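Report on the structure
Residues per chain are reported as follows:
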Amino acid sequence: MTQTNDNAPMGRIIVITSGKGGVGKTTSAAAISAGLAKQGYKTVVIDFDVGLRNLDMIMGCERRVVFDFINVIQGDAKLKQALIKDKRLENLAVLPTSQTRDKDALTREGVEAVLNELKQDYDYIVCDSPAGIERGAHLAMYFADEAVVVTNPEVSSVRDSDRVLGLLSSKTKRAETEGAEPIKAQVLLTRHDQGRIDKGEMMTVEDVLEILAVPLLGIIPESQAVLRASNTGTPVTLDDPSAAGRAYEDAVARLTGEDVEMRVASDRRPGLLQRMFGRTA
């Protein structure tokens with residue numbers, strides 16, 4: 001039986017966003033939402049990527065989709081009809097989106113109504129944003145209280161993330177409301193590979209943070225566990241123990257206010273020389 005967490009903030013909206021596709025945003029949304037639910041928080045994760053629905057597959061519930069986010073916005077279904085309860089965690093739910101509708105089906109009024117209803121029942125509402133700066137991405141971040149900006153340690157990804165951070169500070173409800181606290185933005189660095197960084201093929205963590213100038217939420221190592229978890233419809237925080245899973249769990253703990261040391265983990269086994277001389281990569 002999952003215990004509820006009495007210290008949870010009421011209906012906190014977190015957007016998982018990025019400027020560039022393919023950085024692990026939906027994987028991160030699934031891992032973070034499952035991690036929050038494991039900690040005892042009532043959590044719902046929403047797919048905002050209309051037309052390119054993937055969250056339900058990564059969450060392992062694609063065969064259970066009957067109604068979706070757009071059906072609810074357009075009044076064709078009640079929110080409770082569209083929500084899919086996770087079979088592994090009783091306090092986790094998924095709100096899938098439509099594969100067949102256009103992104104214009106998302107409206108600010110409709111999104112706000114759904115979020116307001118969810119805030120009555122859930123501690124955390126995780127919004128899985130499409131990449132980029134188009135309509136779905138803007139609406140995913142517009143009502144957010146916090147933002148997790150997912151980036152790879154590559155120049156193009158970091159540059160696009162910097163642009164997203166600009167939008168978070170200027171084109172959201174909190175930015176437009178006088179006297180409101182700004183969105184709390186943090187960066188989640190995915191696909192970290194120390195070997196490639198040492199060869200100069202990827203940016204260092206310090207270089208990324210110098211450009212983005214926001215706090216670091218976590219460092220997720222390059223790991224086969226992430227791909228395996230996605231292919232089996234299991235968030236990596238619910239899969240077999242792995243360096244990536246532990247890194248996501250640490251990130252979730254920081255998200256909820258815990259003081260957790262930043263570690264750079266790896267699933268790679270040390271080579272012969274490293275084992276002989278006790279050196280780590």
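Our structure is the block above this text.
This text gives an overview of the structure that appears in the document. (Residues numbered from 1 in each chain as written. Predicted model: local features only at pLDDT ≥ 70, side-chain atom pairs only at ≥ 80, totals over all residues. Heavy atoms only, no water.)

**Some points on helix 11 (residues 224-231)**
Count 3.6 residues to each turn of an α-helix, and residues three or four apart come out pointing the same way. Operational definition: Exposed residues in this analysis have more than 50% of their type's maximum accessible area, buried residues have under 20%, and partly exposed residues fall in between, with area computed by a 1.4 Å probe over protein chains only. Elements are defined by DSSP. Helices are runs of H or I of four residues or more, strands are runs of E of two residues or more, and each kind is numbered from the N terminus. Think of the arc as the fan of directions from the helix axis to the C-beta atoms. By the convention used here, residues are in contact when the closest approach between their heavy atoms is within 4.5 Å. Distance and chemistry together define a polar contact, namely a pair of N or O atoms within 3.5 Å, with one atom able to donate a hydrogen and the other to accept it when in protein, and with adjacent residues in sequence counting only for side-chain atoms on both sides.
What helix 11 keeps buried is the set Ala225, Val226, Ala229 and Ser230. The arc that holds every buried residue of helix 11, seen down its axis, measures 130°, which confines them to one face. Facing away from the buried side of helix 11 by over 90 degrees, the exposed positions are Gln224 and Asn231. As for helix 11, its buried residues are in contact with helix 1 (25-38), helix 2 (55-58) and helix 12 (243-255). You can read the cap of helix 11 off the contacts: a side-chain oxygen lies 3.1 Å from the backbone nitrogen of Ala225, and it is on Ser223. Looking at the residues trailing helix 11, positive phi occurs at Gly233, about 70°.

**Comments concerning the environment of Gln39**
Within the secondary structure, Gln39 is located in the loop between helix 1 and strand 2 (43-47). Taking C-alpha positions, Gln39 is 9.5 Å from Thr256, a pair spaced 217 residues apart along the chain.

**Concerning helix 5 (residues 108-119)**
Here is the rule: A helix is expected to reach a length of 1.5 Å times the quantity of its residues less one.
Given a rise of 1.5 Å per residue, 12 residues ought to cover 16 Å, and the 16 Å separating the end C-alpha atoms of helix 5 matches this to within 8%. Among the residues making up helix 5, those that are buried are Gly110, Val111, Val114, Leu115 and Leu118. Angular distribution of buried residues about the axis of helix 5 spans 130°; they occupy a single face of the element.

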